[in-house]
Amino acid sequence: MSEDRKNENKKTEQLQPFVRENFGKPLSSNEGVKISDDENSLNAGDRGPTLLEDFLMREKMTHFDRERIPERVVHARGYGAHGVFQVYESQEELTMAHFLQDPNVKTPVFLRFSEVAGSKGANETNRDVRGFATKFYTEEGIFDLVGNNIPIFFIQDGIKFPDLIHALKPEPDNEIPQGQTAHDTFWDFITSNQESAAMSIWIMSDRTIPRSFRMIEGFGVHTFRFVNKHGKSRFVKFHWKPLLGLHSLVWDEAQKLGGADPDFHRRDLWENIEAGNFPEWELGVQVIEEEEEFKFTFDILDATKLWPEEIVPVRIIGKMTLNRNVDNVFAETEQVALHPGNIVRGIDFTNDPLLQGRLFSYTDTQVYRVGTNFQQLPINRPVCPVHNNQRDGDARYVIDKGKVAYHKNSLADNTPFTVPGTEGGFVTYPSLVNGYKVRATAPSFQDHYSQAKLFWNSMSEVEKHHIIDAYSFELGKVNSIEVRQKLVDMLAHIDRVLAVRVGENLTLQPADVPESPVTDSSPALSMANTRFLPNTLKVGVMVDEGFKGDETRRILEQLIRSGLKPVIVSVRNGMIRDDKGEQWTVNASFLTGSPLLYDGLYLVGSDNADPYFNNRARAFIVESYNHFKPIGSSPSGEKLLRELGVVGKPGVIIQHSPDSFSKEFTEAMAKQRFWDRY
Ligand code: HDE
């Protein structure tokens, strides 16, 4: 086996001793005693009381009673998968990080996506920032890039994080609403902390209602450092760009999906990895030279600011592929302990005050939530050797040999020994720090509206419309008129038109305040400029008894070849016959399926479709049409589309010849939404 292959398999192999296969094995207690009866407690007589000596029942119950660990305070709802990362070419000019040197090295990764606000059981399609947290198991230790799908953050100093989260979470008196920002305390916090202005407009954009985890961007958010082997440091920001492009749901769809499939995102990720459609992201870096730190109109250490790609280009340096689902969600996804403080040689921190706050919080939370020895759990263990003098603590797994557990010693030749920086030891970059001890925000952190305006200027008309609707929805759910007014006034600092349009929906006038003078835009921020592909999009194919089998098969084969995933939908689950009497498997009935679950519909129908079929197909089409999705139809279904008055509308494609239909329909699916329908 080649060296690279060994490297790639290391994490998988390392997990193997911990993976227990229970299938076909005898039942035993945790102490290894084989169990003869697991359905009856030990009772005094078959109608008598249970005996305290029933050690098997007591073991089962005490373990069950402790099955939950505290959920994460934030990002509780999450889902993860394993994969690999590979750099395209050596980055030694920039960094000595081992995993960024050799394009042949495949570094194992674990990626956990999450929602910030919702608790562990929340709907997955709520409007929310998504966590995008990657653990790299490098040869020189663990590097965690614990980011979000939005490049900036709400606040500038970590000390405000508990306040933000208290305002964001369900209100404590009635614990309403779950996993949502549309309530008084959240918007009270935003409007009382104007540094959140730019983040507020990002979260009102379509980015917070993604179509799929596979179609979101990831950002490290903070400014880190890259340090090369000559000790030269540069400022760096990390980006993840999805190869499937950046795509979102529409708001009405996202809300309804909460009911149709609360597990929409995890199901999508799980199913695609199981089917071998491995999601991929390219890693990009923006780099600023040390000497250029003060060259920009924004402070590069302020986490409420991004570095526009048009000013500081993103260099693509490698690719991550997710290729394996977990074996057990609790053991892996729930127990994974990510921490922005986990860095390796070649990467270092900056004085970004938000990052500094995070460096304390994450280990603290892991020790409380998972336990002192959380780093020894299989999902958290590095792939390289670990030797030190830390000992004991609850649930210690590793058995350290020998009597010496201290540095410096002579009894064990002073081992484990320290490693100088020149030989691979971690050495902190010696950045200069001087100043008075103060509790203060830098004056260069005070501009809160320029980048909010930049984002607004960069949006397409459709995106602007969605942002106005989103603010109007959220504020409409806020009871306090004062808070509503404060938000409309905050928007007036960003853009007058935005403030007036939101204000109109709430019968409020924006205050007369100075508007940001920024006229620039950053095309890279608009989702309209992403890539559009048909790959892995789902087509609901509605068929009724006696449908044209040969023609449908030919079309579906062409759709599948172009990457689409047909789902056969019909009146009932099980099987259905075509016009030749051949049996087809039905994947979903009108009852178990939903137009919300498909990216487009193809109405095959049949020449003699029954009234119930037509009735349900009509409802599916109306819903998909209202969500701007492509709709295709065979000649048998055309009559129904005519009745609905949608023939000739954008993205509605009637089949004249099977081949040209497949091509046209695939193109429409790749486009995904037809905003010009109304
Ligand atoms: Fe976090 N954050 N955070 N955060 N965060 C946690 O750590 C915290 C911040 C992010 O999939 C917690 O293990 C503070 C920014 C992700 O397991 C906790 C501050 C960004 C995840 C915590 C921030 C994030 C977390 C909860 C302000 C984007 C989920 C449980 C200084 C760059 C990781 C845990 C996973 C999780 C604290 C700000 C992203 C409580 C104090 C900025 C993706 O430690």
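Residues numbered from 1 in each chain as written. Predicted model: local features only at pLDDT ≥ 70, side-chain atom pairs only at ≥ 80, totals over all residues. Heavy atoms only, no water.

### Let's talk about the side chain of Glu124
Turning to step 1, where the next piece is worked out: In this fold, Glu124 is placed in the loop between strand E2 (107-115) and strand E3 (130-138).
Turning to step 2, where the next piece is worked out: A relative accessible area of 2% means that Glu124 is categorised as buried.
Turning to step 3, where the next piece is worked out: A polar contact of 2.6 Å, which involves the side chain of Glu124, links it to the side chain of Arg266.
Turning to step 4, where the next piece is worked out: Apart from the residues within four sequence positions on either side, Glu124 is in contact with Arg77, Glu115, Arg130, Pro262, Asp263, Phe264, His265 and Arg266. (Helix = DSSP H or I, 4+ residues; strand = E, 2+ residues; numbered from the N terminus. Buried < 20%, exposed > 50% of the residue type's maximum accessible area, 1.4 Å probe, protein only. Polar contact = N/O pair within 3.5 Å; in protein donor to acceptor, adjacent residues only side chain to side chain. Contact = heavy atoms within 4.5 Å.)

### Some thoughts on unusual backbone geometry
Trans peptide bonds make up most of the peptide bonds, and negative phi angles are found at most residues other than glycine.
Turning to step 1, where the next piece is worked out: With an omega of -10°, the peptide bond between His407 and Lys408 qualifies as cis.
Turning to step 2, where the next piece is worked out: One can find Lys408 in the loop between helix H9 (353-369) and helix H10 (450-458).
Turning to step 3, where the next piece is worked out: Of note, the amide linkage connecting Thr415 to Pro416 takes the cis form, showing an omega dihedral of -10°.
Turning to step 4, where the next piece is worked out: Among the structural elements, Pro416 can be located in the loop between H9 and H10.
Turning to step 5, where the next piece is worked out: Even without a glycine there, the phi angle at Phe628 is positive, about 70°.
Turning to step 6, where the next piece is worked out: Looking at the secondary structure, you find Phe628 in the loop between helix H15 (611-626) and strand E17 (631-633).

### Quick notes on the pattern of salt bridges
Turning to step 1, where the next piece is worked out: Under the defined criterion, the tally for this structure stands at 42 salt bridges.
Turning to step 2, where the next piece is worked out: Between Lys548 and Asp607 there is a salt bridge; the shortest N-O distance is 3.0 Å. Note that Lys548 is positioned in the loop between strand E11 (538-543) and helix H14 (549-561) and Asp607 in the loop between strand E16 (600-605) and H15, a separation of 59 residues in sequence.
Turning to step 3, where the next piece is worked out: You can call Lys548 partly exposed: its relative accessible area is 33%.
Turning to step 4, where the next piece is worked out: By sharing partners, the salt bridges in this structure join Arg77, Glu124, Asp263 and Arg266 into a single network. (Salt bridge = Lys/Arg side-chain N within 4 Å of Asp/Glu carboxyl O.)

### With respect to the coordination of the iron atom of the ligand
Turning to step 1, where the next piece is worked out: With respect to protein ligation, the iron atom of the ligand binds only Tyr362 (OH), at 1.8 Å.
Turning to step 2, where the next piece is worked out: Position of Tyr362 among the secondary structure elements: in helix H9. (Donors = N, O, S within 2.8 Å, 3.2 Å for Na, K, Ca; no water.)

### Some remarks on the sheet that holds strand E18 (residues 652-654)
Turning to step 1, where the next piece is worked out: Strand order across the open sheet formed by 6 strands is E15-E12-E11-E16-E17-E18, with parallel pairing between neighbours. One side of each edge strand has no neighbouring strand; the edge strands of this open sheet are strand E15 (588-589) and E18.
Turning to step 2, where the next piece is worked out: Two strands pair when backbone bridges link them, and E16 and E17 are joined in this way by 3 bridges, in the parallel orientation. Note that in E17 the partner of Leu601 across the bridge is Ile631. (Pairing = 2+ DSSP bridges.)

### With respect to the pairing of strand E9 (residues 315-325)
Turning to step 1, where the next piece is worked out: Note that strand E1 (residues 77-87) and E9 share 7 bridges and pair antiparallel. Its bridge partner lying in E9, Ala81 is registered against Asn325.

### Quick look at the layout of surface pockets
Turning to step 1, where the next piece is worked out: As a volume, the largest pocket reaches approximately 2000 Å³.
Turning to step 2, where the next piece is worked out: Lining the largest pocket we find 49 residues, and of these Pro382, Pro385, Val386, His387 and Asn388 sit closest to its centre.
Turning to step 3, where the next piece is worked out: Put simply, the parts of the chain that give the lining of the largest pocket at least two residues each are strand E4 (141-148) and H9.
Turning to step 4, where the next piece is worked out: Tallying contributions element by element places H9 first for the lining of the largest pocket, with 3 residues.
Turning to step 5, where the next piece is worked out: Class assignment of the residues belonging to the lining of the largest pocket gives a composition of 18 nonpolar, 20 polar and 11 charged.
Turning to step 6, where the next piece is worked out: Roughly 1200 Å³ of volume is contained in the second largest pocket.
Turning to step 7, where the next piece is worked out: Lining the second largest pocket are 29 residues, with Asn351, Pro353, Val438, Ala440 and Ala442 sitting closest to its centre.
Turning to step 8, where the next piece is worked out: Tallied by class, the residues present in the lining of the second largest pocket amount to 12 nonpolar, 10 polar and 7 charged. (1 Å grid on protein atoms, 1.4 Å probe; cavity = no way out; pocket = protein on both sides within 12 Å on 5 of 7 lines; lining within 4 Å. Points joined across faces, edges and corners; volume = space filled by probe spheres on them. Nonpolar A, V, L, I, M, F, W, Y, C, P; charged D, E, K, R; others polar.)

### Here's the deal with the site of the ligand
Turning to step 1, where the next piece is worked out: Close contacts around the ligand come from 24 residues, with Arg72, Arg112, Arg358, Tyr362 and Gln366 the closest.
Turning to step 2, where the next piece is worked out: Here an oxygen atom of the ligand sits 2.7 Å away from a polar atom, N or O, in the side chain of Arg112.
Turning to step 3, where the next piece is worked out: Within the side chain of Ser361, one N or O atom sits 3.1 Å away from an oxygen atom of the ligand.
Turning to step 4, where the next piece is worked out: Sorting the residues of the shell around the ligand by element identifies E3, E4 and H9 as the ones contributing at least two each. (Near = heavy atom within 4 Å.)

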